[in-house]
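Coordinate inspection notes
What follows is each chain in one-letter form.
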There are 2 protein chains.
Amino acid sequence: MKKFINHPDAVVRESLVGLAAAHPDLRVDLEQQIVVRADAPRAGKVGLISGGGSGHEPLHAGFVGLGMLDAACPGEVFTSPVPDQILAAAKAIDAGSGVVHIVKNYTGDVMNFQLAAELSADEGIEVHSVLVDDDVAVEDSTWTAGRRGTGATMLVEKIAGALAEEGGDAASVAALGTRVNEASASFAIALTPCTTPAAGRPGFELGEDEMEVGVGIHGEPGRRREKLLPARDIATMTLEAILAAKPVAAGEDAIVLMNGLGATPLIELYLLYGEFAGLLESAGVRIARNLVGNYVTSLDMAGMSLTVCRADPELLRLWDAPVRTPALRWGV
Amino acid sequence: MKKFINHPDAVVRESLVGLAAAHPDLRVDLEQQIVVRADAPRAGKVGLISGGGSGHEPLHAGFVGLGMLDAACPGEVFTSPVPDQILAAAKAIDAGSGVVHIVKNYTGDVMNFQLAAELSADEGIEVHSVLVDDDVAVEDSTWTAGRRGTGATMLVEKIAGALAEEGGDAASVAALGTRVNEASASFAIALTPCTTPAAGRPGFELGEDEMEVGVGIHGEPGRRREKLLPARDIATMTLEAILAAKPVAAGEDAIVLMNGLGATPLIELYLLYGEFAGLLESAGVRIARNLVGNYVTSLDMAGMSLTVCRADPELLRLWDAPVRTPALRWGV
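Owing to the predicted nature of the structure, the values given are computational and were not obtained by experimental measurement.

Cut-offs used in this document
- Think of each chain on its own: its residues are numbered from 1, step by step along the sequence as written.
- Each chain is given a letter, starting from A, and each ligand a number, starting from 1, according to the order in which they appear as written.
- The predicted nature of this model means local features are confined to residues of pLDDT at least 70 and side-chain atom pairs, given and counted, to a pLDDT of 80 or more, with totals for whole chains, interfaces and linings taken over all residues.
- To get the side-chain values, take all heavy atoms of the structure and skip hydrogens and water.
- Secondary structure elements follow DSSP: runs of H or I no shorter than four residues count as helices, runs of E no shorter than two count as strands, and numbering proceeds from the N terminus.
- Buried residues are those whose accessible area, probed at 1.4 Å on protein chains only, stays under 20% of the maximum for their type, while exposed residues exceed 50% and partly exposed ones sit between those limits.
- Only heavy atoms matter for contacts: two residues are in contact if any of them lie within 4.5 Å across the pair.
- We score Asp and Glu as negative and Lys and Arg as positive, and we do not count His or the chain ends.
- A single reference atom marks each charge: NZ on Lys, CZ on Arg, CG on Asp, CD on Glu.
- A pairing counts as a salt bridge when a side-chain nitrogen of Lys or Arg comes within 4 Å of a carboxyl oxygen of Asp or Glu.
- Here the rule is simple: two strands pair whenever DSSP picks up at least two bridges between them.
- Here, axes are lines fitted to C-alpha atoms. For helices the fit covers the stretch in contact, and angles between N-to-C directions go from 0 to 180 degrees.
- A residue counts toward the fit only if its pLDDT is at least 70 in both copies, and the copies are then superposed by least squares on the C-alpha atoms of those residues.
- UniProt positions are given in the numbering used here, feature names are shortened, and annotations may be inferred rather than shown by experiment.
- Throughout the structure description, domain borders are defined by an automatic or database domain assignment.
- Here the buried area means the combined drop in accessible surface, using a 1.4 Å probe, for two parts upon being joined, counting both sides.
- Two N or O atoms count as a polar contact when they lie within 3.5 Å, although within protein this holds only if one can serve as hydrogen donor and the other as acceptor, and sequence-adjacent residues are included solely when both atoms are side-chain atoms.
- Residue classes follow a fixed rule: Ala, Val, Leu, Ile, Met, Phe, Trp, Tyr, Cys and Pro count as nonpolar, while Asp, Glu, Lys and Arg count as charged, and any other residue, Gly among them, counts as polar.
- Expected helix span is taken as 1.5 Å per residue step, with the number of steps being one fewer than the number of residues.
- Arc, as used here, means the arc of the directions from the helix axis to the C-beta atoms.
- Side-chain rings of Phe, Tyr and Trp, where Trp is taken by its six-membered ring, are said to pair if the distance between their centres is within 6.5 Å; with planes under 30 degrees apart they count as stacked, over 60 as edge-to-face, and otherwise as tilted.
- Nonpolar cores were defined as sets of buried Ala, Val, Leu, Ile, Met, Phe, Trp, Tyr and Cys residues, with membership established by side-chain atoms within 4.5 Å.

Brief notes about the overall build of chain A
Check the secondary structure of chain A and you find eight helices and 14 strands. Taking the principal axes of the C-alpha coordinates as reference, chain A spans close to 55 × 50 × 35 Å. Counting over 332 residues, chain A shows a buried share of 63%. In chain A, the proportion of contacts linking residues at least 24 apart, taken out of those at least 6 apart, comes to 74%. Charge-centre separation for chain A: the mean point of 26 positive side chains lies 4 Å from the mean point of 44 negative side chains.

Here's what the structure looks like:
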C-alpha cells in the first residue's frame with residue numbers, strides 16, 4: 001500500500017487537522033470528530049447534517065458551508081459515524097428550528113442516525129430524515145438492505161441546503177431532499193479496487209483487462225465483472241441501467257453528475273461526459289446543469305459513476321443558489 | 001492499461017468534446033484544438049493564452065474564463081501545442097490590446113510559443129510572454145533546459161488573469177506574471193508512475209515500497225528514488241527543498257497550493273496539507289491563502305506537489321478577485 005499517511009489509525013483525524021487548517025470558515029472539533037460551519041448555529045435556520053464513513057471525500061465535510069450542510073460527521077474509513085457524534089453535531093448547529101439528517105442507505109448509517117435522532121429528540125431537537133438510495137445497480141448489497149446511497153447524496157445536500165438557507169422549515173427541507181432522491185438514479189463502474197489504510201491491500205482483485213460493473217463506493221461487488229470495454233460502450237451500458245429506473249423521460253430536464261471515484265483523472269471524466277451528453281441528447285433528455293469531477297469517491301479507486309436527476313424549475317433555481325463550501329462554490 | 005477511452009489517438013479530441021458539452025460558456029474549436037472564452041474578444045482587454053501538452057487537467061483548459069485565461073491550447077498528451085494552434089488562439093481573442101503567453105519551461109513549449117509569437121507579430125498582434133519555471137527539484141531534465149514549470153503556472157494564470165480582467169496592459173500583466181513565478185517554488189513526489197494512452201504502459205517502474213522524489217509532471221525522473229516514508233517526513237523533505245530556494249522567509253505571507261498529481265485522493269491531500277501547515281507555521285510563514293486539490297496533474301499518477309508563493313497585498317487582492325472557470329470559481 002502506498003499512501004501519503006503516517007499511520008493507518010490516524011488517517012481520518014490527521015486529514016481533519018488539514019481540513020481545519022485549510023478552511024478557517026469551518027469549525028473542526030477533533031474530539032467529537034465533527035465539522036461545523038463556523039457561523040452555526042444560525043437563528044431561524046434549519047440545520048442540515050450528513051455523515052458516513054470517511055473515504056468518500058469531498059463528501060461530506062467538503063460540502064459544509066453556506067447553502068449546503070451545516071455539519072458533517074465523518075466516521076472512520078468506510079465506517080458509520082456513531083450516534084454520539086451525530087448528536088454532538090445537532091447540538092452544535094441547532095438554533096431551535098430543528099435539523100435534517102441526510103443519510104446514505106447503508107445499514108450502519110441508518111441505524112446510527114436513527115439512534116442519534118432519538119437522542120436528539122430527548123434533548124428537545126426536532127429531527128427529520130432523508131434517506132438516499134439512488135444506486136440502481138443492486139437491490140441489496142454487502143452493507144445494505146435495499147438500494148445503496150451514492151452520487152445523489154451530493155445533489156440532495158446542495159438542493160435541500162439551498163432551501164434551508166433561504167428559510168425553509170425542517171419538514172419542507174426534508175421533503176425536498178426526499179424528492180431529489182426519488183428523482184435520481186446512479187450507476188458506477190470501477191477499473192481498479194480501492195485500498196483502505198487499515199487493510200493495506202486492495203479490497204478485491206480485478207484483472208488487467210477487467211472492470212467491475214455496478215460497483216459500490218466501498219469496493220463492494222456490483223452486478224458482474226466483465227472485460228473492459230471502450231468508453232462509448234461503458235457509457236451506453238451505464239445509461240441503460242440508469243434510464244431503466246426512469247429517473248427522467250424524453251422531453252424533460254436533468255441535472256447530471258459525472259463523478260470520478262477518486263483516481264480517475266479529469267481527461268477521462270470529460271471524455272465520458274461527452275459520451276453521456278450525446279446519448280442523453282439522443283434520448284431526448286436536456287442536460288440543464290452538470291458537474292464533472294471527483295465528488296463522491298471511494299478512496300483511490302479508479303472508476304466513475306453517473307447520476308441523473310430529473311429537474312424542474314424549483315430544483316434548478318435551488319441548484320443555482322449561492323454555495324460556498326471547500327468543494328463546491330458559486331454565486332458568492 | 002485501463003482507462004475510460006475509446007482509442008488512444010482520440011483521447012484529447014474526445015475529452016474536448018465533453019468539455020464543450022459541459023461548459024457552454026467556453027467555445028471549443030475542435031479543428032484548431034483551442035478552448036476560448038465564449039465572450040472573447042473583449043474590447044480593451046489583454047488576452048491571456050496558455051497551453052501545453054494534455055494530461056495535466058484541469059490545467060489549462062479548465063482555467064479558461066472570467067478572471068483567468070482567455071484561451072488554452074491543449075497539445076496531444078505530453079506534447080507541445082503547435083505554433084498555428086497558438087496563433088489561432090491569439091486571433092480568436094485579441095481585441096487590439098495584445099496577448100500574453102504563459103509558458104511552462106519545456107523545450108518544445110518554449111520553441112512553439114516563440115514561433116507563435118513571431119507569427120502573431122506578423123499579423124499585428126503584440127505578444128508578451130511569461131516563462132514559468134518554479135520546480136526546484138532539478139536544474140535540467142529530460143525535456144527542459146533550466147527548471148521545469150509546474151504548479152506555479154496556475155497561480156500565474158489566476159493572478160495575471162485578474163489584472164488583465166481589471167484592465168491592466170499587456171506589459172504590466174506579463175511583468176506581474178513573471179513576478180509571481182519568481183516568488184514561487186514547487187517540489188513534487190510520486191508514489192506511482194503514469195501511463196500515457198499511446199504508450200499503454202507506465203513510463204517507469206516504482207517498487208511497492210518506493211517513491212520518486214522531485215518527480216516532474218510527465219513522469220520524468222526526479223532527484224532520486226527512495227523508500228516510501230511517512231507523510232510527516234515526506235512533508236519535511238519537500239518543504240526543505242522548497243525553502244532552500246527561498247521563495248518566502250519568516251514573517252512573510254504565502255499562497256500555498258497543495259496539489260495532487262491526478263490519482264491521489266483528497267483525504268491524503270488534506271492530511272499532507274495539515275503537515276505542511278504545521279511546518280510553515282514553525283518556519284514563521286503565514287499561509288494567507290491556500291488551495292487543496294488536483295489542479296496540475298500528470299494523468300493517473302499518484303503523487304503530490306507543493307507550491308509556495310510569497311504573497312503581498314497586491315497579489316492577495318488579485319488572488320481574491322472574482323474567477324469563473326470550470327475548475328476554479330469564486331466571487332461570482
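What to know about unusual backbone geometry
Cis geometry is adopted by the peptide bond preceding Pro41(A), which originates at Ala40(A) and carries an omega value of -5°. With respect to the element layout, Pro41(A) can be found in the loop between strand S2 (34-37) and strand S3 (47-54). Along the chain, Glu57(A) connects to Pro58(A) via a cis peptide bond; the corresponding omega equals 10°. A positive phi is found at Lys246(A), a non-glycine position, where the angle reads about 55°. A relative accessible area of 66% means that Lys246(A) is categorised as exposed. For Leu299(B), which is not a glycine, the phi torsion comes out positive at approximately 50°. Mapping Leu299(B) onto the fold places it in the loop between strand S11 (286-293) and strand S12 (303-311). Here Leu299(B) falls in the buried class, since its relative accessible area comes to 2%.

Some words on the pattern of salt bridges
Any two side chains of opposite charge can pair, on the condition that their charged atoms come close. Residues and elements named next belong to chain A. All told, the structure shown has 42 salt bridges over all chains when counted by the stated rule. When the shortest N-O distance is used, the salt bridge between aspartate 39 and arginine 42 registers 3.4 Å. Several salt bridges converge on common partners, so that one network encompasses Arg37, Asp39, Arg42, Lys45, Asp70 and Glu165.

A look at the sheet that holds strand S4 (residues 71-77) of chain A
Residues and elements named next belong to chain A. Taken in spatial order, the six strands of this open sheet run S1-S2-S4-S3-S5-S6, and their pairing is mixed. The sheet terminates laterally at strand S1 (26-29) and strand S6 (127-132), the two strands that pair on one side only. Across this sheet, the average inter-strand angle for adjacent strands is 20°, counted without regard to direction. Where S3 meets S4, five bridges bridge the pair, whose relative direction is parallel. The partner of serine 50 across the bridge, within S4, is alanine 72. Its contacts with the sheet place helix H4 (residues 152-165) against S2, S3, strand S5 (99-104) and S6, and it is angled at close to 160° to S3. Sheet strands touched by helix H5 (residues 170-182): S3, S5 and S6. Its angle to S6, the strand with the most contacts, is close to 5°.

Describing the relation of the copies chain B and chain A
Expressed as a screw transformation, the operator carrying chain B onto chain A has a rotation angle of 180° and an axial translation of 0.0 Å, and the superposed copies differ by an RMSD of 0.0 Å. The superposition operator between the copies reduces to a two-fold rotation axis. Across chain B, the smallest distance between a C-alpha and the rotation axis is recorded for Ala263(B), namely 1.9 Å. Of all interface residues in chain B, 100% are interface residues in chain A too; the two copies therefore contact each other through one and the same surface.

Points about the pairing of strand S6 (residues 127-132) of chain B
In terms of strand pairing, strand S5 (residues 99-104) of chain B meets S6(B) through six bridges, oriented parallel. Across the sheet, residue Ile102(B) finds its bridge partner in S6(B), namely Val130(B).

So, the UniProt feature "domain: DhaK" (unreviewed entry) in chain A
As recorded in UniProt, the sites labelled "domain: DhaK" (unreviewed entry) are residues 7-330 of chain A. As a span, residues 7-330 of chain A carries 32% helix and 24% strand, and end to end its C-alpha atoms are 36 Å apart.

A short note on the domain arrangement of chain A
Residue and element names in this part refer to chain A. Domains assigned within chain A are domain 1 (10-183) and domain 2 (184-322). Averaged C-alpha coordinates put domain 1 and domain 2 at centres separated by 22 Å. With 39 residues of domain 1 at the interface, the matching set in domain 2 holds 41 residues. Where domain 1 abuts domain 2, roughly 3,200 Å² becomes buried across the two surfaces, and 64% of that area is made up of carbon and sulfur atoms. The tally of links between domain 1 and domain 2 comes to four salt bridges. We note a salt bridge from arginine 317 to glutamate 166, for which the minimum N-O separation is 3.0 Å. Counting the contacts that link domain 1 with domain 2 gives 21 residue pairs in polar contact (both at pLDDT 80 or more).

Remarks on the environment of Lys246(B)
Residue position: Lys246(B) is located in the loop between helix H6 (231-244) and strand S10 (253-260). Put simply, Lys246(B) and Leu318(B) are 72 residues apart on the chain and 23 Å apart in space, counted from C-alpha to C-alpha.

Describing the interface of chain B and chain A
Frequently, the measure chosen for interface size is the accessible area removed from exposure when the parts meet. Each partner contributes residues to the interface: chain B has 56 residues there, and chain A has 56 residues. Note on chain B versus chain A: buried area summed over both sides is about 4,500 Å², and carbon and sulfur give 63% of it. A salt bridge links Glu14(B) to Arg232(A); the shortest N-O distance between them is 3.4 Å. Our count for the chain B to chain A interface comes out at 28 residue pairs in polar contact (both at pLDDT 80 or more). Looking at which element gives the most residues to the side of chain B that touches chain A, the answer is helix H7 (residues 266-282) of chain B, with 10 residues. Per-class residue counts for the side of chain B that touches chain A are 31 nonpolar, 13 polar and 12 charged.

Digging into helix H3 (residues 107-122) of chain B
Residue and element names in this part refer to chain B. With 16 residues, H3 extends 23 Å from end C-alpha to end C-alpha; this agrees with the ideal 22 Å at 1.5 Å per step. Along H3, the positions that sit buried rather than exposed are Asp109, Asn112, Phe113, Ala116, Ala117 and Ser120. With its buried residues spanning 150° around the axis, H3 presents them on a single face. Lining the buried residues of H3 we find strand S3 (47-54), helix H2 (83-93), S5 and S6. Positive phi shows up at glycine 124, right after H3, with a value of about 85°.

A word on the sheet that holds strand S9 (residues 224-227) of chain A
Residues and elements named next belong to chain A. On the basis of which strands lie adjacent, the open sheet formed by six strands has the order S9-S8-S7-S12-S10-S11 and mixed pairing. Every interior strand has two partners, whereas the edge strands, S9 and strand S11 (286-293), have only one. Taking the axes of each pair of neighbouring strands and ignoring which way they run, one obtains an average angle of 20° across the sheet. Note that strand S10 (residues 253-260) and S11 share seven bridges and pair parallel. For aspartate 253, the partnering residue across the bridge sits in S11 and is arginine 286. On top of the sheet, helix H6 (residues 231-244) reaches strand S7 (184-190), strand S8 (210-213), S9 and strand S12 (303-311); it is set at about 145° to S7, its chief contact.

Here's the deal with the packing of aromatic side chains
Residue and element names in this part refer to chain B. The tally for this structure, following the rule as stated, stands at two aromatic pairs over all chains. Note on tryptophan 319 and tryptophan 330: the rings are 5.6 Å apart at their centroids and 50° apart in plane angle, and the pair reads as tilted. Highlighted residues: tryptophan 319 in helix H8 (residues 313-320) and tryptophan 330 in strand S14 (residues 329-330), separated in sequence by 11 residues. You'll find tryptophan 319 and tryptophan 330 in the same group, each marked buried.

What about the nonpolar core?
Looking at soluble globular proteins, one finds that nonpolar side chains tend to be buried together. By size, the foremost hydrophobic cluster in this structure holds 208 residues, and its most contacted members are Met154(A) and Met154(B). If sequence neighbours within four positions are ignored, Met154(A) has contacts with Leu59(A), Phe63(A), Met68(A), Leu257(A), Leu291(A), Tyr295(A), Val296(A) and Leu328(A).

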